[in-house]
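# Close look at the chain arrangement
Residue-level listing of the chains:
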Number of protein chains: 2
Amino acid sequence: MSFKRNSLLLSLIGGLLINQTISAATETTPLDAKASTPQQLGLMQGIPPAAEKVVNFSNFLQFPFTRWSFSHIREVVPTVQVSRGSGAISALPRAERDDIDSLTFTPIGSDKPMTWEQSLAANYTDGIVVLHRGKRVYERYFGALKPEGQHIAFSVTKSFIGTLAAMLVADGTLDENAQVSRYVPELKDSAFGNATVRQVMDMTTSIDYSEDYADPKAGVWEYGRAGHLIPRPAGYTGATSLYAFLQKLKVEGEHGQAFAYKTVNSDALAWVVQRATGKPFAELLQERIWSKLGAEQDAYLMVDEVGTGFAGGGFNASLRDMARFGEAMRLNGHFNGQQIIPESVVADIRKGGDQSQFAKAGYKTLPGWSYRNMWWVASNDHQVFTARGIYGQTIYVDPKAEMVIARFASYPVATNSRIDPTSLPAYTALANLLMASDK
Amino acid sequence: MSFKRNSLLLSLIGGLLINQTISAATETTPLDAKASTPQQLGLMQGIPPAAEKVVNFSNFLQFPFTRWSFSHIREVVPTVQVSRGSGAISALPRAERDDIDSLTFTPIGSDKPMTWEQSLAANYTDGIVVLHRGKRVYERYFGALKPEGQHIAFSVTKSFIGTLAAMLVADGTLDENAQVSRYVPELKDSAFGNATVRQVMDMTTSIDYSEDYADPKAGVWEYGRAGHLIPRPAGYTGATSLYAFLQKLKVEGEHGQAFAYKTVNSDALAWVVQRATGKPFAELLQERIWSKLGAEQDAYLMVDEVGTGFAGGGFNASLRDMARFGEAMRLNGHFNGQQIIPESVVADIRKGGDQSQFAKAGYKTLPGWSYRNMWWVASNDHQVFTARGIYGQTIYVDPKAEMVIARFASYPVATNSRIDPTSLPAYTALANLLMASDK
């Protein structure tokens, strides 16, 4: 990535930049993790905060305002509750290890080793929990996140709707081979009309819509404006709800040929799931998963202007509760004394999707991976599978190492390809450390 | 109130009206309680709901959309959490009585008796809990409210900030005789500048600002637009935060002469309280009261565009939790095994404010009442004191009858003078019933 492209990306996605002179050229570099915390910058400090310290709907997706907003989404936009229910909190015993911070690994594409602790700053981690055999061996919070607070999970949300859809396929409520239009007639004339539910679940649809965050004309930005997830310009005349936008999407090629990561699939799937069950996504998620985990906190979901929950990326939860969900997945769906997700559903996810179709998408940091039920599946010797969200959100399940990592972050730019090099090898190193100490 | 004035009020405050021909004249009457439930009207039903069934920021304060929105505020506007904390839920045992629905009383200004059950519909009650000696003798939910859901409390919120301020006066953190400008220099040149904290606490300030909801030019509407609690017109150039608006208010006469109910006092007080403690209102409320009640649910508070909690009316909580707070007040601040609010603070509230100053405000349904620490105090033989919110929100404490009533409602028009006639005498009748059955 050239300096010029890099700057463009930062200017588009990032916000406040500091100028640094690098050799002869003038280059902009975002504030580092420590310098960009809300405390350090005084964001939302003071009653009321000074004008330049305010984070609200006008800037909440711009770095470094994201360092505050990602832990305070409900203070910025409308949200719907996903209740923890009234059951007891499930145990997640603390068994802190002191050998993790100093663990070293070599980032992808680098020849210089890095410590685990350094990687957290490199990734602008807001919080991270590592479970080993269900015990918290490592837990840290930075910036604005607190153990009892919720952080936006972005596309980790997709793995929830994907799991729910797979659960409904498993119990016969949903036919994965049916066309989307059977459940949602309103999508008949859209790109989704003749796609099957399965193609949507695995994102092998072919839709004329771009997820390129660096392109201000990309569909993903239009989508955000439709859902009022980002501000609309004056005189805006586009779609005014998530589902109104979905109906306008046109087909690009033939479905079922290649993996193409497009957020709109997740909301189309949510529409299908909600029609099949008659229940809003938030309610279904609460009923089938969240209220069964023994979560510590209620979670919540961003909604658009007609009350539709944003299944593509609007889920917010506490870090420990995200780890609980990861642990439930690691334990093949059995957690907190009950089979929450059918074993067959977890098995189907772990088996992965079509690797050759995935390869066509060209993810350099994810060789041999695939996408199944909206989970990212490594199909490596550890059988790793993960939920991934933009800006560094992760649920990382390593069955072989009996390890689950939940991480929230607010990386300055919206690209996991910049985050993976200092996180995936760190997770592998940690898995090896945990396995080695078992011996 | 004439038909014309009535219609104007309904048109301004209410929303959808049905036309009914009353004798020769054409009169508009709002849908009744049963006909206006979201279920009956199909509000927010369907995924997504049909355009005319959508409730969002454009209509959420218009009846009958209020029947849904008042139980779903966080799905419409930004809010901040007021956590219940991690303690056990405090007991509120059920001891249902079957003689309450049929209880009769005579509404103020009427000669026709009404049953308790009828009064709930007459008042568009969304939910009501009656505690007698701490036990739930009556509990009902209507419309969109559920036991585990939160409802907006409107001006009941004021009693929370008033109680917190009184607690801070009691512990010496706040000087009630100091001028507001000592704590908030930004208010020096406003109407609040030379008012004392005590005058603000008891709303005896004299401010050029109208709380007349029937007047579209009233300050209260400007205030709502400033806080973005209601939509702003295109090209809006007014204040863009609650506190920016407060700074522009001018004095009307002399402070300390008469009670004048103006919401801006509550937010000015919140600003003082937050400056005195260095903590946001939501955090202070959580720390000092909410997390100590053994509440069942987290509560939440509406915030403006700079993150300021709306102390004048933005609190949302579950009905049972509101009853818990009422019970704590009835028990002189001691509840859930601890002294949450100092006994002296509750005693000061129960003693009431200046009745002659209150009388000047001319509340026909509240003879002999007064206002103290943002509580309404009857000073009658039952020593009743209450928190009151527009559209029928109530925490009603009757120490003599050992009774607490918490009620949420969505009355079609914003005037308690229309609600009191069918509620206050009903509460008195119920108190007498409960006392009689003790004998």
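For the structure, check the block above.
Calculation rules
- Residues numbered from 1 in each chain as written.
- Chains lettered and ligands numbered in written order.
- Predicted model: local features only at pLDDT ≥ 70, side-chain atom pairs only at ≥ 80, totals over all residues.
- Heavy atoms only, no water.
- Helix = DSSP H or I, 4+ residues; strand = E, 2+ residues; numbered from the N terminus.
- Rg over C-alpha atoms; globule rule 2.2 N^0.38 Å.
- Buried < 20%, exposed > 50% of the residue type's maximum accessible area, 1.4 Å probe, protein only.
- Areas by Shrake-Rupley, 256 points an atom, 1.4 Å probe, with all protein chains shown as cover.
- Lys, Arg positive; Asp, Glu negative; His and termini not counted.
- Charge placed at Lys NZ, Arg CZ, Asp CG, Glu CD.
- Phe/Tyr/Trp six-rings, centres within 6.5 Å; stacked < 30°, edge-to-face > 60°.
- Lys NZ or Arg CZ within 6 Å of the ring centre and 35° of its normal.
- Pairing = 2+ DSSP bridges.
- Axes fitted to C-alpha atoms, helices over the stretch in contact; angles between N-to-C directions.
- Polar contact = N/O pair within 3.5 Å; in protein donor to acceptor, adjacent residues only side chain to side chain.
- Contact = heavy atoms within 4.5 Å.
- Salt bridge = Lys/Arg side-chain N within 4 Å of Asp/Glu carboxyl O.
- Buried area = accessible area lost by both parts, 1.4 Å probe.
- Nonpolar A, V, L, I, M, F, W, Y, C, P; charged D, E, K, R; others polar.

### A word on the overall build of chain A
Per the secondary structure count, chain A includes 15 helices and 17 strands. Taken over the C-alpha trace, chain A has a radius of gyration of 21 Å; the compact-globule value for 439 residues is 22 Å, and the two agree within 12%. When the backbone C-alpha atoms are referred to their principal axes, chain A occupies close to 60 × 55 × 45 Å. Taken over 439 residues, chain A has a buried fraction of 61%. Accessible area for chain A stands at about 16200 Å²; split by element, carbon and sulfur atoms hold 50% of it. One finds the centroid of the 42 positive side-chain charges in chain A at a distance of 1 Å from the centroid of its 43 negative side-chain charges.

### Considerations on the packing of aromatic side chains
Centre distance and the angle of the planes are the two values used to describe a pair of aromatic rings. The final tally for this structure, using the stated rule, is 63 aromatic pairs over all chains. Look at Phe358 of chain B and Trp376 of chain B: their rings are 5.9 Å apart centre to centre, the planes differ by 90°, and that puts the pair in the edge-to-face class. Within this pair, whereas Phe358 of chain B is found in helix H14 (residues 355-359), its partner Trp376 of chain B is found in strand E14 (residues 375-377), the two being separated by 18 residues in sequence. Here Phe358 of chain B matches Trp376 of chain B in class, with each residue buried. On the accessibility criterion, Trp376 of chain B (5% relative accessible area) is buried. Each member of the aromatic cluster is reached from another via a ring pair, and the members are Phe160, Trp290, Phe315, Phe325, Trp375 and Phe385 of chain A. When the ring centre of Tyr138 of chain A is taken as reference, the NZ or CZ atom of Arg140 of chain A above it lies at 4.2 Å. The lysine or arginine in question, Arg388 of chain B, covers the ring of Trp376 of chain B, its NZ or CZ lying 5.2 Å from the ring centre.

### Notes on the sheet that holds strand E16 (residues 393-398) of chain B
All names here are of chain B. The seven strands are arranged E7-E6-E17-E16-E15-E14-E13 in an open sheet whose pairing can be described as antiparallel. Single-partner strands in this sheet number two, and they are strand E7 (135-141) and strand E13 (370-372). Direction aside, neighbouring strands of the sheet carry axes that sit 20° apart on average. Of the strand pairs in this sheet, E14 and strand E15 (residues 385-389) are connected by two bridges, and their pairing is antiparallel. Across the sheet, Trp376 pairs through a bridge with Thr386, a residue of E15.

### So, the side chain of Asp126 of chain A
All names here are of chain A. Tracing the chain through its elements places Asp126 in strand E6 (residues 125-132). Separated by 2.9 Å, the side chains of Asp126 and Ser410 make a polar contact. Filtering out sequence-adjacent residues up to four positions away, Asp126 remains in contact with Arg67, Arg140, Tyr141, Phe142, Leu145, His151, Phe408, Ala409 and Ser410.

### Concerning the pattern of salt bridges
Residue and element names in this part refer to chain B. For the structure shown, the criterion picks out 50 salt bridges over all chains. A salt bridge links Arg320 to Glu296; its shortest N-O distance comes to 3.0 Å. Of the two residues, Arg320 sits in helix H12 (residues 319-330) while Glu296 sits in the loop between helix H11 (281-288) and strand E9 (299-302), which places them 24 residues apart along the sequence. Residue Arg320 is classed as buried on the basis of its relative accessible area, which comes to 16%. The residue Glu296 makes a salt bridge to Arg324 at a minimum N-O spacing of 3.0 Å.

### As for the interface of chain B and chain A
Opposite the 30 residues of chain B that make contact, chain A presents 30 residues. A combined buried area of about 2300 Å² lies between chain B and chain A, and 52% of that area is made up of carbon and sulfur atoms. For the pair chain B and chain A, the number of links is zero salt bridges. At the junction of chain B with chain A, the criterion picks out 10 residue pairs in polar contact (both at pLDDT 80 or more). Secondary structure elements with two or more residues in the side of chain B that touches chain A: strand E3 (79-82) and helix H10 (264-277) of chain B. Taken together, the residues that form the side of chain B that touches chain A break down as 15 nonpolar, nine polar and six charged.

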